[in-house]
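Single-letter residue listing:
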Amino acid sequence: MSYLDLVHAFSMYIMAAWFLWLKINEGRVDSMLKNQLSADETASADEEGTQNAASVDTIAESAESEDGQDTEGTIEQINSLIDFQTYMIPFYVLFGVFLMHYARKGFKAANGDSVRTAPEARASVCYCMS
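Residues numbered from 1 in each chain as written. Predicted model: local features only at pLDDT ≥ 70, side-chain atom pairs only at ≥ 80, totals over all residues. Heavy atoms only, no water.

Colleague: Looking at this structure, I do not really get the packing of helix α1 (residues 2–24) against helix α4 (residues 89–111). What am I missing?
Modeller: Remark: α1 packs on α4, axes separated minimally by 8 Å, with the N-to-C direction vectors making an angle of 160°. Put simply, α1 runs roughly antiparallel to α4. The way α1 lies across α4 gives a crossing that is left-handed. Among the residues forming the contact of α1 with α4, the class breakdown is 20 nonpolar, four polar and one charged. (Axes fitted to C-alpha atoms, helices over the stretch in contact; angles between N-to-C directions. Helix = DSSP H or I, 4+ residues; strand = E, 2+ residues; numbered from the N terminus. Parallel < 35°, antiparallel > 145°, perpendicular 65-115°, else oblique. Left-handed = near helix turned anticlockwise from the far one by under 90°. Nonpolar A, V, L, I, M, F, W, Y, C, P; charged D, E, K, R; others polar.)

Colleague: I'm lost on a nonpolar patch on the surface in this one. Help?
Modeller: On the surface, Phe95, Phe98 and Tyr102 cluster together to form a nonpolar patch covering roughly 290 Å² of accessible area. Within the element layout of this structure, phenylalanine 98 appears in helix α4. The exposure class of phenylalanine 98 is partly exposed, given its relative accessible area of 44%. (Patch = residues over 30% accessible without salt bridge, like charges linked within 9 Å, V, L, I, M, F, W, Y side chains within 5 Å. Areas by Shrake-Rupley, 256 points an atom, 1.4 Å probe, with all protein chains shown as cover. Salt bridge = Lys/Arg side-chain N within 4 Å of Asp/Glu carboxyl O. Buried < 20%, exposed > 50% of the residue type's maximum accessible area, 1.4 Å probe, protein only.)

Colleague: How should the pattern of salt bridges be read in this particular structure?
Modeller: Two side chains carrying opposite charge are able to pair once their charged atoms lie near each other. One pass over the full model with this rule turns up two salt bridges. A salt bridge links glutamate 26 to lysine 23; the shortest N-O distance between them is 3.1 Å. What makes lysine 23 partly exposed here is its relative accessible area of 30%. The partner of lysine 23 in a salt bridge is aspartate 83, with the nearest N and O atoms 2.5 Å apart.

Spelled out as structure tokens, the structure:
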């Protein structure tokens, strides 16, 4: 189980590093998202244009106003999620430290280092009392 704790702790650290990278490169992420959404918008407009050329003008005009708001809304949602995950980074790191601590205790217990025998326990109590 201690190995699983180690793997989970390292995944928490990787997750914290990923969200920190996202926050640092938030502008780059926004521009990539905007480019991808506009490419998807033009691809869907091209498909609609081949189907019915007469109604393309009205569909395109309504799609531009809706997609412009939709694109900005999507980017705002992504930014708010990035901000939330940035606020969670200290908790990820603390939970990783917590997991590492208990993984260490598990490894010590597996080696027999953390279990004291009865005479050793009595000797340490007597030493503290005197």
